[in-house]
Each structure stands twice: as C-alpha cells, then as structure tokens.
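Summary of structural features
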Amino acid sequence: MIPEREWYETIPFADGITLIHEPWIHPFFRCNMWLIGGSDRDLLVDTGLGHFPLRRNVAALAREKPLVCVASHAHFDHIGATHEFAERWIHAAEADILADPRPEATLAAGYADEGMFIAPPEGWDSARYRVAPAPATRLLADGDVIDLGDRRLAVIHTPGHSPGGIALYEEATGTLIAGDIVYDGALVTDTFHSDLADYRRSLDRLAELPLRIVHGGHFPSFGPVRLRQIVQEFRAAQG
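Now for a quick tour of the structure.

What counts and how
Residues numbered from 1 in each chain as written. Predicted model: local features only at pLDDT ≥ 70, side-chain atom pairs only at ≥ 80, totals over all residues. Heavy atoms only, no water. Buried < 20%, exposed > 50% of the residue type's maximum accessible area, 1.4 Å probe, protein only. Helix = DSSP H or I, 4+ residues; strand = E, 2+ residues; numbered from the N terminus. Pairing = 2+ DSSP bridges. Axes fitted to C-alpha atoms, helices over the stretch in contact; angles between N-to-C directions. Salt bridge = Lys/Arg side-chain N within 4 Å of Asp/Glu carboxyl O. Parallel < 35°, antiparallel > 145°, perpendicular 65-115°, else oblique. Left-handed = near helix turned anticlockwise from the far one by under 90°. Contact = heavy atoms within 4.5 Å. Nonpolar A, V, L, I, M, F, W, Y, C, P; charged D, E, K, R; others polar.

Another point: the pairing of strand S4 (residues 42-45). Side chains Asp-42 and Leu-44 of S4 all project onto a buried face; the interleaved residues Leu-43 and Val-45 project onto the opposite face, where all are buried too. In this structure, strand S3 (residues 33-36) lies alongside S4, joined through three bridges in antiparallel fashion. Residue Leu-35 lies in a different strand from S4, and its bridge partner there is Leu-44. Hairpin geometry of S3 and S4 is characterised by an intervening segment of five residues between the two adjacent antiparallel strands. With four bridges connecting them, S4 and strand S5 (residues 67-70) associate as parallel partners.

A separate point is the sheet that holds strand S9 (residues 152-157). With mixed pairing, the five strands of this open sheet are ordered in space as S8-S9-S10-S11-S12. The open sheet is flanked by strand S8 (145-147) and strand S12 (213-216), the only strands paired with a single partner. Each adjacent strand pair in this sheet contributes to an overall mean axis angle of 25 degrees, direction not counted. Note: S9 against strand S10 (residues 166-170), four bridges, orientation antiparallel. Within S10, the position partnered with Ala-154 by the bridge is Tyr-169.

Spatial ordering of the open sheet is given by S1-S2-S3-S4-S5-S6-S7, a layout of seven strands whose pairing is mixed. The open sheet has two free edges, formed respectively by strand S1 (9-12) and strand S7 (138-140), since each of these has just one partner strand. Strand-to-strand twist across the sheet, computed as the mean angle between neighbouring axes with direction ignored, equals 25 degrees. When S5 meets strand S6 (residues 88-91), the two strands line up parallel, connected through two bridges. Its bridge partner lying in S6, Val-70 is registered against Trp-89.

Attention shifts here to the pattern of salt bridges. Here the structure, examined in full by the defined rule, presents 13 salt bridges. Asp-42 is the partner of Lys-65 in a salt bridge, and the nearest nitrogen-oxygen pair spans 3.3 Å. A residue pair is termed long-range when its members are at least 10 positions apart, and Lys-65 in the loop between S4 and S5 and Asp-42 in strand S4 qualify at 23 residues. Overall, the relative accessible area of 31% leaves Lys-65 in the partly exposed class. The exposure class assigned to Asp-42 is buried, which follows from its relative accessible area of 2%. When the shortest N-O distance is used, the salt bridge between Arg-102 and Asp-100 registers 2.8 Å. The structure contains a network of salt bridges with shared partners spanning Asp-42, Arg-63 and Lys-65.

Interaxial distance between helix H5 (residues 196-207) and helix H6 (residues 224-238) falls to 10 Å at its minimum, and their mutual angle equals 155 degrees. Classified by the angle their axes make, H5 and H6 are roughly antiparallel. Taken as a pair, H5 and H6 cross one another with a handedness that is left-handed. Residues Leu-196, Tyr-199, Arg-200, Leu-203, Asp-204, Leu-206 and Ala-207 of H5 pack against Leu-227, Val-231, Phe-234, Arg-235 and Gln-238 of H6. Class assignment of the residues belonging to the contact of H5 with H6 gives a composition of eight nonpolar, one polar and three charged.

Here's what the structure looks like:
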C-alpha cells in the first residue's frame, strides 16, 4: 500500500499551469487536477479522489495567496478533496451533488473500488469510501469569466458526460481546461445522467475554438489537431 507522502505528484507545464495527479491510480480513473497561477489568486480545477488530504500534501496549494477551487463536474474522482477549500465553484446543474455527494450520484458506487489502483493507498476500504459534502459557494454558468488578476478564463458549459460539466478557456494562451467532456482516451457516454446529443453539441463547440493545447480531465494533454481527430472519431462511432 502507498503511504500518504508518496500519493500525489506535481508536474509543471507552460503558462503557469501545474498538473497535480495521483500516479498510483490507473489512468482511466486518474483525475488530472490543474492549478493555474494568477497575480491576484490561483485557480484549482478538480481535486481527485480525496482519500488523502490534498492541501497538506501538495506544497503548491499551501501558499497564502487566495485560491478558488472549481469542479469541472461532480463525479467522485474529481471532487474528493473539494471540501478542503473555502471557495468551491461548480455549474448550477450539479451543485446538488456537490452538496450531497451520495455514491450513486457521484459514480463512486460503480467505480470506487480496489480495481482503480496500480497500488492502493494506505487505509483504503472501498466499502467505507465517501466523498465529503462541499456545498458550492458560487454557481457558474456558460459565459462567466474567472478573473485571476492577470489572466481570465471563460466558462463553457459542456453537458453530455454529465449535465453540469464545464470547460475553461483562456483565449490569451489558447488553453482549454476540458474536464471530462474530452480527453485522449475512451470517452464515457453511459453514466446515469449522460446525454449523447448534448455530448455531440459540446464537442462540436470546442472543436471550433482557436486552441493551442487541451488539458483534459484524464490522460496526457494534446493539441488542436488531436482534438479534431477525437471529435471525428466520436462522430463516426455514434453514427
């Protein structure tokens, strides 16, 4: 079993963006947490499984600068440690799940088990795992702008994988923080609140953006050509 001190890893990217992840979880289940540095405040998108505390184990999150935590959506692998943060923002369509994260609503009931792990963390017990409630302090909507001082990210509502999914787009750098609407792996379209028609519309919308890089909710980051390929593959698979 993996001890707490070895559970998280941070990897710096360009443009003041840092990947935080849990390398002992298999990639399909391993949430990419994205920390975006700003002059006035930092932004953390998603918080992973939450079995071990996030803030005390990731030095970049221990700074005194104000920090906003945004949930790309309310599935367990993305909101496990959201309760650790004072500012918790999410799209209105999934705020009820963040406030009352029952295993059935967060998908933990079907996926949060020993099969997730390359090696499990110390103290893991699938039967006892629960996401802590984290009522939203702000409800996000399509077109909102998250202002970090020297950089601004636009909220794009991307339903399909789940009804309240969002992506964040920084026009100045051509960066998309995509959540689970698109990543370079098998896209999940069959959750209890997925919608294929919404999924197609969301992907089509993202494919039109002038992008330089996509940081997805899982798997490695990729560029605009790969995004268009993923969208075309999705269309072909759905007929």
